[in-house]
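Spelled out, the chains give:
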Amino acid sequence: MVGPLIKEPIPRKAPGEWEPFFPKAIATHVFDRPTASSEVSFSEVLESRRSKLGGQVSLSEIADLLWFSIGARGFHDTGRASVPIQWSPTPSSGGLAGISVVLVSEDSPMQCLYDPIAHRLLELEVNSDEVARTNAKEVRAVVGSYSGCTLRMLADAQKYSVAYENPESLIYRDAGAITSTLCLCANWLGLTSCPLGFLGNDFIRQLGMPPDRFLAVGAVQIGSSHLLNEP
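All of these numbers come straight from a predicted model, not from anything done at the bench. (Residues numbered from 1 in each chain as written. Predicted model: local features only at pLDDT ≥ 70, side-chain atom pairs only at ≥ 80, totals over all residues. Heavy atoms only, no water.)

1. Remarks on the layout of surface pockets
Right, so step 1: Estimates place the volume of the largest pocket at around 910 Å³.
Right, so step 2: Sorting the residues of the lining of the largest pocket by element identifies β4 (74-76), β5 (85-87), β6 (99-105), β7 (111-115), β8 (120-124), α4 (157-163) and α5 (168-188) as the ones contributing at least two each.
Right, so step 3: Looking at side-chain class alone, the lining of the largest pocket contains 25 nonpolar, 7 polar and 7 charged residues. (1 Å grid on protein atoms, 1.4 Å probe; cavity = no way out; pocket = protein on both sides within 12 Å on 5 of 7 lines; lining within 4 Å. Points joined across faces, edges and corners; volume = space filled by probe spheres on them. Helix = DSSP H or I, 4+ residues; strand = E, 2+ residues; numbered from the N terminus. Nonpolar A, V, L, I, M, F, W, Y, C, P; charged D, E, K, R; others polar.)

This is the structure we're talking about:
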């Protein structure tokens, strides 16, 4: 019988050192926090959720989706291992919220990092055309077509490491929790969603994130409810 391939995560007795990383941004897009208006019940969401591809989706629709799924409802400057924590609809290990979401769309000339505390999108200073082409190519490779908006998940491995020894399994469990919550909220909001079968580590450098610190941990394709296609 094969034993565990990933070592057991253990909270550190003495925390390590961590400093927040701020990618270069050329613009900020601030949104009002939405209020729940859908009349679809939670049981209806559970029964009807399917992986689908849809059409073009607006930036405001994506912002609403991100707020309902991972927007911070509260935070504290010091938590586990003396690093900031926050709480949102998606659970995270130790409340670290160590996974960020970057949206990439072929329909938009910009790529944005979501700030879950301020509910805003930070437009990254990157080669937008190159990033969009790479993203579209990778999405088409796994689902056969490209439409809508890709939500890429990037984990701050350093933040997990200051709080835990062997944090790898925690990182991927947190990514799975975000994926599930995004898909359920998308269905509730009348959008389509499809988890994508890649990590995307080659993409990190293009986004201006240090690859020795950040890990790509998957993506979800979001679209409008027209032009549906089940992969």
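2. Considering the environment of asparagine 127
Right, so step 1: Structurally, asparagine 127 can be placed in the loop between β8 and α3 (128-143).
Right, so step 2: A relative accessible area of 43% places asparagine 127 in the partly exposed class.
Right, so step 3: Taking the C-alpha atoms as reference points, asparagine 127 and alanine 177, 50 residues apart in sequence, are found 30 Å from one another. (Buried < 20%, exposed > 50% of the residue type's maximum accessible area, 1.4 Å probe, protein only.)

3. Quick notes on the environment of glycine 208
Right, so step 1: Mapped onto the secondary structure, glycine 208 falls in the loop between β11 (192-196) and β12 (214-229).
Right, so step 2: Look at glycine 208 and you get partly exposed, because its relative accessible area is 44%.
Right, so step 3: Taking the C-alpha atoms as reference points, glycine 208 and valine 126, 82 residues apart in sequence, are found 6.7 Å from one another.
Right, so step 4: Beyond its immediate stretch of four places on either side in the chain, glycine 208 contacts Phe21 and Val126. (Contact = heavy atoms within 4.5 Å.)

4. Some thoughts on the nonpolar core
Right, so step 1: Of all hydrophobic cores here, the largest spans 43 residues; its most connected members are Ile62, Leu65, Leu66, Ile99, Leu103, Leu151 and Ile222.
Right, so step 2: Only α2 (59-70), β6, β7, β9 (149-156), α4, α5 and β12 provide two or more residues apiece to this core.
Right, so step 3: In terms of residues, this core owes the most to one element, α5, which gives 9 residues.
Right, so step 4: If we ignore the near neighbours within four places in the chain, the residues touching leucine 103 are Leu59, Ile62, Leu66, Gln111, Cys112, Leu121, Cys149, Thr150 and Leu151. (Core = buried A, V, L, I, M, F, W, Y, C linked by side-chain atoms within 4.5 Å.)

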